[in-house]
Amino acid sequence: MTSAPDWATAQLKDDALEVVYLDEGRGLGVVARRSFALGDIIHRFAGVVGENICQHSLQIDADRHISGTRYIGFLSHGCDPNCRLDMVGFTVTALRDIAADDVLTVDYAETEDRLHRQFACSCGAVACRRWIHGRAERPNDDGRARLGVE
């Protein structure tokens, strides 16, 4: 992991979290800069609330999304995530102990009815679903092909 370019991280660093360039396959992600215990609130977030879905937005409810957050839009997906988003209280909570330099992950399907873009997953979890889509949508053609289903 290396620090993200200056243009990508303006005002995106504090003592607890940092947006960094993970690698070519994952792009930008959020890493912990200190440890967190199971149940700790890692971050409280705010942003712009509106009706539009965009690449780094998160669904609040059936009609609204939040974007322009400091870190939340850069959280990586994981089928066995180490964090949970509370879209009512606008917090990120540790689902297990998190060490300094761990990449923070959430399960995108837990908060999104429909993703901005479905994608192949290679998170490495034992129960990896291999194709990630929103909870209210089915895999698209590429997803069905990857999963070998009609």
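Here is a short report on the structure shown in this document. (Residues numbered from 1 in each chain as written. Predicted model: local features only at pLDDT ≥ 70, side-chain atom pairs only at ≥ 80, totals over all residues. Heavy atoms only, no water.)

**Things to note about the sheet that holds strand β9 (residues 83–86)**
Pairing within the open sheet is antiparallel, and its 3 strands lie in the order β4-β10-β9. Of all the strands in the sheet, just β4 (41–44) and β9 have a single pairing partner and so form its edges. When the angles between neighbouring strand axes are averaged without regard to direction, this sheet yields 20 degrees. Bridge analysis of β9 against strand β10 (residues 91–94) gives 4 bridges, and the strand direction is antiparallel. Bridge pairing in β10 places leucine 85 opposite valine 92. (Pairing = 2+ DSSP bridges. Helix = DSSP H or I, 4+ residues; strand = E, 2+ residues; numbered from the N terminus. Axes fitted to C-alpha atoms, helices over the stretch in contact; angles between N-to-C directions.)

**Regarding the layout of surface pockets**
Size it by volume and the largest pocket reaches roughly 1000 Å³. Lining the largest pocket are 38 residues, with Leu75, Ser76, His77, Tyr108 and Phe119 positioned closest to its centre. Counting only elements with at least two residues in the lining of the largest pocket, the list comes to β3 (27–32), β8 (76–77), β11 (105–106) and β12 (119–120). Its residues placed into classes, the lining of the largest pocket shows 18 nonpolar, 14 polar and 6 charged. (1 Å grid on protein atoms, 1.4 Å probe; cavity = no way out; pocket = protein on both sides within 12 Å on 5 of 7 lines; lining within 4 Å. Points joined across faces, edges and corners; volume = space filled by probe spheres on them. Nonpolar A, V, L, I, M, F, W, Y, C, P; charged D, E, K, R; others polar.)

**Observations regarding the side chain of histidine 43**
Tracing the backbone through its elements, the reader meets histidine 43 in strand β4. Judged by its relative accessible area of 13%, histidine 43 falls in the buried class. In contact with histidine 43, other than residues within four places in its own chain, are Leu17, Tyr71, Ile72, Phe90, Thr91 and Val92. (Buried < 20%, exposed > 50% of the residue type's maximum accessible area, 1.4 Å probe, protein only. Contact = heavy atoms within 4.5 Å.)

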